[in-house]
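Residue-level structural notes
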Amino acid sequence: DSIAYSQKDSVMRMMYDPILWSRNSQITGDTILLYMDSGVLKKMYVPNKALMVSQSGPEQANMFDQIQGRTLTAWFENNEIHEMLVLPDAENIYYSTDEDGAYLGVSQATSERMRIRFREQKISRIIFEKNLKQSMTPLDQVDIGSLRLSRFRWHPELRPKSKEELFE
């Protein structure tokens, strides 16, 4: 809802119910801080009520990979998320696939810390640290529409369609 940039510390502050979009993902929280260096995005920090939602599969499937925790820190390389750390009270719902992209099932997990690694703009590995509780359910045995984390929000209608639309 509101954005401020400080040249003094090169931090862009998104406040008042911000939504940050990247490809098929949206990131929300109370506040989102983007740390820049020479005009290049280096780090993102969501200090409270962090949530990342990514569309999985075709739009009509209504499947969403979800990650939430109190805080989220993401590091960027070449303007793409390289690694993410979510803590404490990290939770996720993830639609697992095999090497050919076929869906295997749905993983639901909680842990104190969750480290996510990305390759080619997709999750390549999730590492759970401390007090892991995890279950995997075959896709044909779940109600996909009910698989939502407590703070789940998905607002494609709010996604800007152009740079100009940001300033309207």
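Residues numbered from 1 in each chain as written. Predicted model: local features only at pLDDT ≥ 70, side-chain atom pairs only at ≥ 80, totals over all residues. Heavy atoms only, no water.

Things to note about the packing of aromatic side chains
In this structure the tally under the stated criterion is four aromatic pairs. Between tryptophan 21 and tryptophan 154 the ring centres are 5.7 Å apart and the planes differ by 70°, which places this aromatic pair in the edge-to-face class. On the criterion of sequence distance, the pair formed by tryptophan 21 in strand E3 (residues 19-22) and tryptophan 154 in the segment after strand E15 (133-138) is long-range, its members being 133 residues apart. Just as tryptophan 21 is buried, tryptophan 154 falls in that class too. Its end group placed over the ring of tyrosine 35, lysine 43 keeps NZ or CZ at 4.9 Å from the ring centre. (Phe/Tyr/Trp six-rings, centres within 6.5 Å; stacked < 30°, edge-to-face > 60°. Helix = DSSP H or I, 4+ residues; strand = E, 2+ residues; numbered from the N terminus. Buried < 20%, exposed > 50% of the residue type's maximum accessible area, 1.4 Å probe, protein only. Lys NZ or Arg CZ within 6 Å of the ring centre and 35° of its normal.)

With respect to the pairing of E3
Of the strand pairs in this sheet, E3 and strand E4 (residues 25-28) are connected by four bridges, and their pairing is antiparallel. Following the sheet pairing, tryptophan 21 is matched in E4 by glutamine 26. Between E3 and the antiparallel strand that follows it, E4, lie two residues; arginine 23 among them carries a positive phi value of about 50°. (Pairing = 2+ DSSP bridges.)

Some thoughts on the pattern of salt bridges
Counted by the stated rule, this structure contains six salt bridges. A salt bridge links glutamate 83 to arginine 115, with the nearest nitrogen and oxygen atoms 2.9 Å apart. Of this pair, glutamate 83 sits in strand E10 (residues 80-87) while arginine 115 sits in strand E13 (residues 113-119), and the two are 32 residues apart along the sequence. Accessibility assignment for this pair places glutamate 83 and arginine 115 in one class, buried. (Salt bridge = Lys/Arg side-chain N within 4 Å of Asp/Glu carboxyl O.)

Some points on the side chain of glutamine 26
Mapping glutamine 26 onto the fold places it in strand E4. Here glutamine 26 falls in the buried class, since its relative accessible area comes to 0%. Among the polar contacts listed, one links the side chain of glutamine 26 to the backbone oxygen of arginine 153, at a separation of 2.4 Å. Sequence-distant contacts of glutamine 26, defined by excluding residues within four places in its chain, comprise Ile19, Leu20, Trp21, Leu51, Met52, Val53, Arg153, Trp154 and His155. (Polar contact = N/O pair within 3.5 Å; in protein donor to acceptor, adjacent residues only side chain to side chain. Contact = heavy atoms within 4.5 Å.)

Thoughts on the environment of leucine 85
Considering the arrangement of structural elements, one finds leucine 85 in strand E10. Residue leucine 85 is classed as buried on the basis of its relative accessible area, which comes to 11%. Considering only alpha carbons, one finds leucine 85 and glutamate 112, 27 residues apart in sequence, at a separation of 11 Å. Discounting residues that sit within four places of it in the chain, leucine 85 has contacts with Thr71, Leu72, Thr73, Trp75, Arg113, Met114 and Arg115.

Comments concerning the nonpolar core
Core analysis: the largest hydrophobic core is formed by 23 residues, its most contacted members being Ile27, Ile32, Met44, Leu72, Ile81, Met84 and Val86. Counting seven residues, the second-largest nonpolar core is a separate cluster that includes Met63, Ile93, Val106 and Val142. (Core = buried A, V, L, I, M, F, W, Y, C linked by side-chain atoms within 4.5 Å.)

Details of the confidence of the model for the protein
Mean pLDDT over the protein stands at 88; residues scoring 70 or higher make up 96%. Within the protein, strand E9 (residues 71-77) carries the highest mean pLDDT (95), whereas strand E1 (residues 2-6) carries the lowest (73). (pLDDT = per-residue confidence, 0-100.)

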